[in-house]
Amino acid sequence: MILPNSPEATKFVQDAKVLAQQELATDVFFLVVEAPKIARAAKAGQFVQLRILSGDFTLRRPVGVAAVDSKKGSVAFIYRVVGRGTKALSALMPGEMVNVLGPLGHGFTMKYQRPLIVGGGMGLSPLLYYADAMKGKADVLMGGKTAEELFWTNLFDDLTQEVFVTTDDGSMGTKGFTTTLLPELLEKGDYDVVVTCGPEIMMRGVAKIAKEHGLPCEVSLEKRMACGLGACLSCSIDTTDGQRKKVCKDGPVFPAEEVFA
Ligand code: FES
């Protein structure tokens, strides 16, 4: 095992200065930290483990990389406050420090020319970095319960060609789920891959529709993770060919056919 920060390292651990922290929507925060080595190394779809340095917080929390600025050496994350740890994270002010380990895991394949990104909820966070890395070649289809959840449209606007929206209540875009609109987009569009992250039920539906249209599909799985380094097995899954794989190390991005039957 290559240790973080060693000369051969592809991952790094450091105390990083908070550069910005902003509440984007109720309990959803945008955090930017100064971590130049991680910014240079991070690929779209990878994640980091954050550890709060104050109080009695010992556990690291996995958070997908939402954006990087390799020139400024900054890495950004979008996360939801779901418990004591993320509450403490959201209280960090610019100038305070947080420990960052990463980049971790296996990201998206970057070989495609015309991706359709499909995301829901906090799954849109790693997809934001993917959209940026695809340099304007992608479209995005995003779904939420109501218009209020879809503050993401502003974030994706500059990074994609087109933004399509569905809401459960019809308060924005097409009424229904992402899977309601997806078949029509795939029939009309010139996409060569579907890339998805969000609730598992959504990703399963998206993967099935992509397959029916003969398109490859990559899914980014969310699992509870402890170590994030492939050592504790807390994130193990069974693949369709009967193997055990670790979401933190073999994923979080997998070809859909490898994880959804
Ligand atoms: Fe420990 Fe994946 S989180 S093996």
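Within each chain, residue numbers correspond to sequence positions counted from 1 in written order. Selection of residues for local features in this predicted model requires a pLDDT of at least 70, selection of side-chain atom pairs for listing and counting requires 80 or more, and totals for whole chains, interfaces and linings are taken over all residues. Only hydrogens and water are set aside; all other atoms, that is, all heavy atoms of the structure, feed into the side-chain values.

**Looking at the pattern of salt bridges**
We count a salt bridge whenever a side-chain nitrogen from Lys or Arg sits within 4 Å of a carboxyl oxygen from Asp or Glu. The final tally for this structure, using the stated rule, is 8 salt bridges. Between Arg-114 and Asp-190 there is a salt bridge, and its shortest N-O distance comes to 2.8 Å. In this pair, Arg-114 sits in the loop between strand S7 (97-104) and strand S8 (115-120) while Asp-190 sits in the loop between helix H5 (178-188) and strand S12 (193-197), placing the two residues 76 residues apart along the sequence. When its relative accessible area of 53% is taken as the criterion, Asp-190 is described as exposed. Within this structure, Arg-114, Asp-139 and Asp-190 form a network of salt bridges that share partners. Segments assigned H or I by DSSP are reported as helices when at least four residues long, segments assigned E as strands when at least two residues long, and all are numbered from the N terminus. For the exposure calls, accessible area comes from a 1.4 Å probe over protein chains only, and a residue counts as buried if that area is under 20% of its type's maximum, exposed if over 50%, partly exposed in between.

**Things to note about the side chain of Thr-239**
With respect to the secondary-structure elements, Thr-239 resides in the loop between strand S14 (236-238) and strand S15 (244-246). Within polar-contact distance, the side chain of Thr-239 engages the side chain of Asp-241 at 2.6 Å. In the analysis that follows, any N or O atom pair within 3.5 Å is treated as a polar contact, provided that within protein one partner can donate a hydrogen and the other can accept it, and provided that, for residues neighboring in sequence, both atoms belong to side chains.

**Observations regarding the sheet that holds strand S2 (residues 28-34)**
One open sheet holds the 7 strands; their spatial order is S4-S3-S7-S1-S2-S6-S5, and the pairing between them is antiparallel. Unpaired on one side and paired on the other, strand S4 (61-64) and strand S5 (67-69) mark the two borders of the sheet. For this sheet the average axis-to-axis angle between neighbouring strands, irrespective of direction, equals 35 degrees. Whether two strands pair comes down to DSSP finding at least two bridges between them. Of the pairings in the sheet, the one linking strand S3 (residues 47-52) to S4 comprises 4 bridges and is antiparallel in character. Bridging from a neighbouring strand, Leu-50 pairs with Arg-61 of S4. Under this scheme, a helix contributes an axis fitted over its contacting stretch, all axes are lines through C-alpha atoms, and angles between N-to-C directions fall in the 0 to 180 degree range.

**Some points on the packing of aromatic side chains**
Note on aromatic pairs: the rings of Phe, Tyr and Trp (six-membered ring only in Trp) are paired at centre separations within 6.5 Å, and the planes decide the class, stacked below 30 degrees, edge-to-face beyond 60, tilted for the rest. Following the criterion strictly, the structure yields 3 aromatic pairs and no others. Seen from their ring centres, Phe-108 and Tyr-130 are 4.9 Å apart, and the 55 degrees between their planes marks the pair as tilted. In this pair, Phe-108 is assigned in the loop between S7 and S8 and Tyr-130 in helix H3 (residues 124-133), connecting sequence segments 22 residues apart. Relative to Trp-152, the ring of Phe-151 has its centre 4.9 Å away and its plane inclined at 25 degrees; by these criteria the two rings are stacked. Trp-152 matches Phe-151 in its accessibility class, with the two residues each being buried.

**Considerations on the sheet that holds strand S13 (residues 217-220)**
The sheet built from 7 strands is open, its strands ordered S11-S10-S9-S8-S12-S13-S16 with mixed pairing. Here the strands that pair on one side only, and so sit at the sheet edges, are strand S11 (174-175) and strand S16 (253-255). Direction of pairing for S8 relative to S12: parallel, over a ladder of 5 bridges. Bridge pairing links Leu-116 to Val-194 in S12. Together, S8, S12 and S13 form the strand contacts of helix H6 (residues 200-212), whose direction differs from that of S12 by roughly 175 degrees. Two residues form a contact once any of their heavy atoms are found within 4.5 Å.

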